[in-house]
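Topology and contacts: notes
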Amino acid sequence: MPGSLEGQSAIVTGAALGLGNAFARALAGEGANVTVCDVREEVNDLVPTLEGSGVQAQALVADVGVAEDVRRVVDGHVDRFGGVDVLVSNAGVWRASTATDNLDKTLDDYDFLVNTNLKGVYLFGRAVIPHMIAGGGGNIVHISSAHLATGGGPDMDLYDASKWGINGFTIPWSKALRERNVRVNGLCMGATDSHMVRTFDEQNPDSGILENAMRAEDVAALMVDLINEGPDGRTGNNVNIAAGHPIELPPPGSLYIYSEAQA
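The rules behind these values
Residues numbered from 1 in each chain as written. Predicted model: local features only at pLDDT ≥ 70, side-chain atom pairs only at ≥ 80, totals over all residues. Heavy atoms only, no water. Helix = DSSP H or I, 4+ residues; strand = E, 2+ residues; numbered from the N terminus. Buried < 20%, exposed > 50% of the residue type's maximum accessible area, 1.4 Å probe, protein only. Areas by Shrake-Rupley, 256 points an atom, 1.4 Å probe, with all protein chains shown as cover. Pairing = 2+ DSSP bridges. Right-handed = clockwise from strand over helix to strand, strands pointing away. Salt bridge = Lys/Arg side-chain N within 4 Å of Asp/Glu carboxyl O. Axes fitted to C-alpha atoms, helices over the stretch in contact; angles between N-to-C directions. Parallel < 35°, antiparallel > 145°, perpendicular 65-115°, else oblique. Contact = heavy atoms within 4.5 Å. Nonpolar A, V, L, I, M, F, W, Y, C, P; charged D, E, K, R; others polar. Core = buried A, V, L, I, M, F, W, Y, C linked by side-chain atoms within 4.5 Å.

Within the chain, the secondary structure is distributed over 9 helices and 7 strands. Buried residues in the chain amount to 49% of all 263 residues. Only carbon and sulfur atoms are counted for the fraction: they give 49% of the accessible area of the chain, which is about 11,800 Å².

In structure tokens:
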């Protein structure tokens, strides 16, 4: 039986490990041809698994914060698959940063965190939007943070700022692109058993942060549900996905922070 995304194609950033890996597998499982990218060489190992779902797949080692790399990924995807139907901007990094750090350290932290977490979202979005418009529509999914509601710890100032900044793209883009049938939404992630969470302060599987962590596969299934809402589905939404709560889409209009974008 054909998958719900049969005939579509998707790009997933930061797909070597964790959530991005699960997102790519879920999209392939629904019939989408997939391009994955990551700064890690291990992203190449994902291709046989994706192709095992009966789709075409390719992997590229690329830095989402470098414009030339982004162009190479998007152009390579379009050359092979003819367009872009789905972008999952998942690539993200974390590093401890606090208000008491000295200026030299915090400048380095700023470049490291913002280049990936915010600039990467900007570059990939702007690169795929013309192709989505030309193809009659599409879905952009930004992977954000549940910290938008509460903030993180005292050592997460730059990480949180980079994630808050994503809303500057999610909301205005959803308004600008609604009439072009391009939907733009954010998934605001709580603690998920992933590479990033496991490396917070050198966490290990027995640490408290993982006790109630969500499964990446469950979050990926929700991402597919979001895409499958179709052209008339929600846009300009941040969907809260919190550990200890059901991993499901809220009813349309029942939103996390921002109301649905209006044309």
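By the criterion of burial, strand β5 (residues 138-145) is predominantly enclosed, with 8 of the 8 residues buried. Going residue by residue along β5, you find G138, I140, H142 and S144 tucked away on one face and N139, V141, I143 and S145 tucked away on the opposite face as well. Relative to β5, strand β4 (residues 86-89) runs parallel, the two sharing 4 bridges. Along β5, the bridge assignment pairs S89 with H142. Crossover handedness for the path β4 to helix α4 (residues 103-134) to β5: right-handed. When β5 meets strand β6 (residues 182-189), the two strands line up parallel, connected through 8 bridges. Following the sheet pairing, G138 is matched in β6 by V182.

Before going further, it helps to spend a moment on the pattern of salt bridges. Enumeration according to the criterion identifies 10 salt bridges in this entry. Across the pair D38 and R40 runs a salt bridge, and its minimum N-O distance is 3.7 Å. The class of D38 is buried, set by a relative accessible area of 6%. The class of R40 is partly exposed, set by a relative accessible area of 30%. Here R215 and E217 are joined by a salt bridge, their closest N and O atoms 3.6 Å apart. A single network of salt bridges, built from pairs that share partners, joins R95, D101, K105, D108 and D109.

Another aspect to go through is the packing of helix α6 (residues 157-165) against helix α7 (residues 167-177). Across the interface, α6 lies against α7 with an axial gap of 5 Å and an inter-helix angle of 5 degrees. Between α6 and α7, the angle is such that the two are roughly parallel. Residue-level contacts link K163, W164 and G165 of α6 to N167, G168 and F169 of α7. Here the contact of α6 with α7 is composed, by residue class, of 2 nonpolar, 3 polar and 1 charged.

This next bit is on the environment of A221. With respect to the secondary-structure elements, A221 resides in helix α9 (residues 216-227). The partly exposed category is assigned to A221, whose relative accessible area is 39%. Sequence separation between A221 and E248 is 27 residues, and the spatial gap between their C-alpha atoms is 9.0 Å.

Before going further, it helps to spend a moment on the nonpolar core. Counting residues in each nonpolar core, the largest one holds 38 residues, and the members touching the most others are V12, F23, L27, V36, V88, L187 and M223. By residue number, the principal contributor to this core is α9, which donates 8 residues. Once you skip the residues sitting within four places of it in the chain, F23 turns out to touch V12, V88, N90, I143, V219, A220 and M223. By size, the runner-up hydrophobic cluster in this structure holds 26 residues, among which are L118, L123, L177 and V184.

Across a sheet, paired strands are connected by hydrogen bonds in the backbone, their directions being either parallel or antiparallel. On the basis of which strands lie adjacent, the open sheet formed by 7 strands has the order β3-β2-β1-β4-β5-β6-β7 and parallel pairing. Both outer strands of the open sheet, β3 (57-61) and β7 (238-241), are each paired with one neighbouring strand and no more. Neighbour-to-neighbour, the strand axes of the sheet open up by a mean angle of 15 degrees, direction not taken into account. On the sheet, α4 packs against β1 (9-13), β2 (33-38), β4, β5 and β6 and is oriented at approximately 175 degrees with respect to β4.

All right, on to the side chain of D69 then. Take D69: it is sitting in helix α3 (residues 67-81). Classification of D69 by relative accessible area gives buried; the value is 18%. Beyond its immediate stretch of four places on either side in the chain, D69 contacts A62 and D63.

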